[in-house]
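Breakdown of the fold
Chain residues, written in single-letter form:
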Amino acid sequence: MSTFVIEGGHKLSGSITPQGAKNEALQVICAVLLTPEKVTISNIPDIRDVNKLIYILGELGVKADKISSDTYSFQADELDLDYLESEKFKVEGSSLRGSIMIVGPLLARFGKGYIPRPGGDKIGRRRLDTHFEGFIQLGATFRYNKDERFYGVEAKQLTGTAMLLDEASVTGTANIVMAAVMAKGITTIYNAACEPYIQQLCKMLNSMGAKIEGIGSNLLQIKGVKKLGGCSHRILPDMIEIGSWIGMAAMTRSSITIKDVSWNDLGLIPRVFQKLGIKLEKRGDDIFIPQQDCYEIQNFIDGSILTISDAPWPGFTPDLLSIILVVATQAKGSVLIHQKMFESRLFFVDKLIDMGAKVILCDPHRATVIGMNHEFSLRGTTMASPDIRAGISLLIAALSAEGTSTIQNIEQIDRGYQNIDERLQSIGAKIIRVD
């Protein structure tokens with residue numbers, strides 16, 4: 001098990017380019033199962049979760065050829081569907097939550113899709129009901145082996161229908177859309193997730209021959225087609241990584257440039273950091289963060305304490321709330337962080353308190369942060385990464401702290417951030433990986 005050793009207190013400088021978006025990659029790579037023709041995808045991040053998905057698809061029979069460092073061609077023309085019911089798949093599929101999104105395209109193209117109960121971050125209970133209720137409404141038969149924790153859906157012919165999702169689930173929407181593109185008739189999905197990554201998936205499917213309308217809204221209309229063809233697709237930059245670099249610059253009082261951020265797809269992210277007092281400039285498609293010795297949290301217009309909470313897109317993404325919390329520890333002022341969507345994502349706060357942060361964990365969903373305005377630095381310590389987002393938040397805290405910090409279980413960070421130690425070293429961070 002690898003460890004990061006970080007010497008904190010150093011300023012960073014230069015530019016950094018975000019990797020391709022992990023959450024989009026997991027969706028669009030699953031979409032290659034919808035066609036026997038070749039699909040080329042670029043800007044694929046070289047991270048653990050994505051590589052695991054590519055491996056699983058390879059075991060299923062998908063031909064994956066690496067064209068360049070971030071570009072693959074995929075061809076799903078000779079699949080071994082028996083693999084889906086093998087013991088090997090039950091083990092491998094359960095190790096990656098994103099594997100749930102192979103079910104929709106397999107159901108659409110082959111009339112059946114199976115998946116073991118998937119794992120992933122330990123950030124609270126994340127239901128699969130939305131996925132399977134959508135498949136059932138399209139006409140699939142659902143079964144669940146409780147002893148093996150193994151799900152299955154089967155259908156001779158999916159039929160379009162009108163459905164109202166019980167939650168705007170991103171992966172649920174993606175899975176149902178991929179099932180519906182080859183269903184007979186018209187499917188309407190209301191309360192669909194409308195994140196940029198869903199928009200990207202729908203645009204990719206349309207380039208393959210699907211007929212999806214309403215892209216970017218929460219009401220999608222899909223006219224089923226008999227078959228889909230190949231295409232080329234480029235993945236967006238990862239908005240969570242972009243937010244991480246903004247927070248890192250503020251905490252370390254550094255000036256950095258984040259390259260090629262796709263501003264139009266960032267939504268509220270820049271504005272929320274600005275509410276913490278962080279200055280940032282739009283320079284073409286880059287973000288420039290100037291060095292700031294102090295950033296002051298804005299109150300609401302009536303003078304009450306600022307609350308930052310997560311919400312489905314176009315609300316603020318839950319994946320950046322832990323970054324916001326860490327950055328607030330060195331702001332001037334106080335803020336209430338309200339994590340509405342997951343009940344365990346604030347459980348890394350005790351590690352920040354050990355480092356000297358002034359944080360009150362009100363309950364599993366809310367934390368009040370009293371900023372120290374850089375008058376008292378955080379202290380280096382030894383800690384473990386509980387999940388991807390908490391891991392990067394602790395890394396940011398360590399980079400700003402006095403002394404040396406050790407972060408264990410960094411495999412969690414590697415699941416979401418590509419070669420992060422090398423990339424941070426390139427802008428002046430004192431970080432080494434110890435195997």
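This write-up is about the structure you can find in this document. Since the model is a prediction, treat every value here as computed from it, not as a measurement. (Residues numbered from 1 in each chain as written. Predicted model: local features only at pLDDT ≥ 70, side-chain atom pairs only at ≥ 80, totals over all residues. Heavy atoms only, no water.)

Bringing the environment of Y190 into the picture now. Topologically, Y190 is positioned in strand β10 (residues 186-190). For Y190, a relative accessible area of 44% gives the class partly exposed. For the pair formed by Y190 and E213, sequence separation is 23 residues and the distance between their alpha carbons is 12 Å. Look past the residues within four positions of Y190 in its chain and what remains in contact with it is M163, L164, L165, N218 and L219. (Helix = DSSP H or I, 4+ residues; strand = E, 2+ residues; numbered from the N terminus. Buried < 20%, exposed > 50% of the residue type's maximum accessible area, 1.4 Å probe, protein only. Contact = heavy atoms within 4.5 Å.)

This part covers the pairing of strand β13 (residues 231-234). Burial of β13 is one-sided: the residues C231 and H233 facing one way are buried, the residues S232 and R234 facing the other way are not. Pairing geometry for strand β3 (residues 38-42) and β13, over four bridges, is parallel. Counted as the bridge partner of I41 is H233 from β13. (Pairing = 2+ DSSP bridges.)

Turning our attention to the packing of aromatic side chains. With the rule as written, the count across this model stands at nine aromatic pairs. Seen from their ring centres, F132 and F135 are 5.8 Å apart, and the 80° between their planes marks the pair as edge-to-face. Of this pair, F132 and F135 both sit in helix α5 (residues 129-137), separated by three residues, roughly a single helical turn. F135 shares its class with F132; the two are buried. Members of the aromatic cluster, connected to one another through ring pairs, are F132, F135, F142, Y144 and Y151. Over the ring of F150 we find K90; its NZ or CZ atom is 5.0 Å from the centre of that ring. In this structure, R283 packs its charged tip against the face of F288, placed 3.9 Å from the ring centre. (Phe/Tyr/Trp six-rings, centres within 6.5 Å; stacked < 30°, edge-to-face > 60°. Lys NZ or Arg CZ within 6 Å of the ring centre and 35° of its normal.)

So, on to the sheet that holds strand β8 (residues 150-154). If you walk across this open sheet you meet the three strands as β6-β8-β7, and the pairing is antiparallel. Looking at which strands have only one partner, the edges of the open sheet turn out to be β6 (112-116) and β7 (141-145). Neighbour to neighbour, the strand axes of the sheet diverge by 15° on average, direction disregarded. Where β7 meets β8, five bridges bridge the pair, whose relative direction is antiparallel. In the sheet register, N145 faces β8, and the bridge partner there is F150. Each of β6 and β8 touches helix α4 (residues 103-110); the most contacted strand, β6, lies at about 155° to it. Along the sheet, α5 contacts β6, β7 and β8; its crossing angle with β8, the most-contacted strand, is approximately 20°. (Axes fitted to C-alpha atoms, helices over the stretch in contact; angles between N-to-C directions.)

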